[in-house]
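Take a look at the letters that make up each chain.
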Amino acid sequence: MRRPLVAGNWKMNGSRASIKLLLDGLKSGVGTVKVAEVAVCAPFIYLPDVQTQLQGTVIAWGGQDLSTEASGAYTGEIAASMLNDFGCKYVIVGHSERRAYHNESDETVARKYAAARAAGLVPILCVGETLDEREQGITEAVVARQLDAVIGLEGAAALADGVLAYEPVWAIGTGKTATPEQAQDVHAFLRARVASHDAAVAEGLRILYGGSMKPGNAAELMAKTDIDGGLIGGAALKAEDFLGICTAANG
Ligand code: PGA
């Protein structure tokens, strides 16, 4: 059985004060979350605060990006070992906003996946098509290409150390959620693709859905066979909404 994971992606939101309030809310309500594993991915500069507040709780934390490199002359970058220093378990790699606004190629994303893995972090690899790509009917080709970059560099067995997140770009922050069937189709495609290399890895791989997941639609999405949790943006910024999604995984 795959344990569902609900991970918040705060993106570039919050302040020390608002994050303290959010985490207080999560800590006091997380007892109702019986099934899912819960994590939050914070802006780098708040990770020390997050660590202080979450240490000893059931809530894990992580970064939203990392460098492809281990250390050295890379001004402004954050290495995997630095995330480890602050107790991170997870790190998001290849979020569509990084791909779009920071020109991250599939190859760069694969190298980030490798850097995270080498340091013992759990990479959350994001894949997903744009609206234009969906309308062209190339959704599967796009997510396959994004997934294959990691399999090509690291081998399919490397996916046993990570989590996959299917995030249709047209559903992110737009209020337009993929239907459970649309999401399930892509999740099943991704799992089958991994299975063509390694059936056991595919069976154990958690594939999260991301894109306007809310308390009101989380249960029906997560009820699908191949949807093993969520990567949550907007709704992760309010304790009540995020906990609502986490408890939806209770079934
Ligand atoms: P959203 O973002 O929940 O606000 O759509 C999801 C994501 O970008 O990870």
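Just above sits the structure.
Since the structure is predicted, the reported quantities are computational estimates derived from the model, not experimental observations.

Visitor: Provide a residue-level description of the pattern of salt bridges, including the pertinent values.
Guide: Considering all chains together, one arrives at 21 salt bridges under this definition. Between Glu203 and Arg2 there is a salt bridge, with its nearest N and O atoms 3.6 Å apart. In this pair, Glu203 is assigned in helix H9 (residues 199–204) and Arg2 in the segment before strand E1 (5–9), connecting sequence segments 201 residues apart. In this structure, Arg16 and Asp49 form a salt bridge, with 2.8 Å as the shortest nitrogen-oxygen distance. Of this pair, Arg16 sits in helix H1 (residues 16–29) while Asp49 sits in helix H2 (residues 47–54), and the two are 33 residues apart along the sequence. Judged by its relative accessible area of 58%, Arg16 is exposed. Put simply, Arg2, Arg191, Glu203, Asp226 and Asp228 are held in one network by salt bridges that share partners.

Visitor: Please provide a residue-by-residue account of the layout of surface pockets, values included.
Guide: One way to see where empty space is left: roll a probe the size of a water molecule over the atoms. For the largest pocket, the calculated volume is near 470 Å³. When grouped by side-chain class, the residues that make up the lining of the largest pocket number 8 nonpolar, 6 polar and 5 charged. Considered as a void within the structure, the second largest pocket measures approximately 240 Å³ in volume. If you go around the second largest pocket, you meet 15 residues; those closest to its centre are Arg2, Pro4, Met222, Ile227 and Asp228. Classifying every residue of the lining of the second largest pocket gives 9 nonpolar, 3 polar and 3 charged.

Visitor: Before we move on, can you summarise the site of the ligand with the specific residues and values?
Guide: Taken together, 13 residues sit near the ligand, with Lys11, His95, Glu167, Gly173 and Ser212 positioned nearest. Between an oxygen atom of the ligand and a main-chain N or O atom of Gly233, the distance comes to 2.8 Å. Between Gly234 and the ligand, the recorded distance is 2.8 Å, taken from a backbone N or O atom to an oxygen atom. A per-class count over the shell around the ligand returns 4 nonpolar, 7 polar and 2 charged.

Visitor: An account of the pairing of strand E7 (residues 207–210) is needed here, citing residue identities and associated values.
Guide: Side-chain alternation along E7 places Ile207 and Tyr209 on one buried face and Leu208 and Gly210 on a second face that is also buried. In terms of strand pairing, strand E6 (residues 163–166) meets E7 through 3 bridges, oriented parallel. Counterpart to Leu164 in the pairing with E7 is Ile207. Handedness of the E7-helix H10 (residues 215–222)-strand E8 (residues 229–232) crossover: right-handed.

Visitor: I'd like a description of unusual backbone geometry, backed by residues and values.
Guide: The phi dihedral of Lys11 falls on the positive side, at around 55 degrees, and the residue is not glycine. Within the secondary structure, Lys11 is located in the loop between E1 and H1. If you check the backbone angles, Ser212 has positive phi at about 55 degrees while not being a glycine. A relative accessible area of 14% places Ser212 in the buried class.

Visitor: Can you tell me about the sheet that holds E7, naming the residues and giving the values?
Guide: Spatially, E1-E2-E3-E4-E5-E6-E7-E8 is the arrangement adopted by the 8 strands of the closed barrel, whose pairing is parallel. Neighbour-to-neighbour, the strand axes of this sheet turn through a mean angle of 25 degrees, independent of strand direction. Strand direction decides the pairing type here: E1 and E8, joined by 4 bridges, are parallel. Bridging from a neighbouring strand, Val6 pairs with Gly230 of E8. Running over the sheet, helix H7 (residues 139–154) touches strand E5 (122–127) and E6 and is turned about 155 degrees from E5.

Calculation notes
Residues numbered from 1 in each chain as written. Predicted model: local features only at pLDDT ≥ 70, side-chain atom pairs only at ≥ 80, totals over all residues. Heavy atoms only, no water. Salt bridge = Lys/Arg side-chain N within 4 Å of Asp/Glu carboxyl O. Helix = DSSP H or I, 4+ residues; strand = E, 2+ residues; numbered from the N terminus. Buried < 20%, exposed > 50% of the residue type's maximum accessible area, 1.4 Å probe, protein only. 1 Å grid on protein atoms, 1.4 Å probe; cavity = no way out; pocket = protein on both sides within 12 Å on 5 of 7 lines; lining within 4 Å. Points joined across faces, edges and corners; volume = space filled by probe spheres on them. Nonpolar A, V, L, I, M, F, W, Y, C, P; charged D, E, K, R; others polar. Near = heavy atom within 4 Å. Polar contact = N/O pair within 3.5 Å; in protein donor to acceptor, adjacent residues only side chain to side chain. Pairing = 2+ DSSP bridges. Right-handed = clockwise from strand over helix to strand, strands pointing away. Axes fitted to C-alpha atoms, helices over the stretch in contact; angles between N-to-C directions. Contact = heavy atoms within 4.5 Å.

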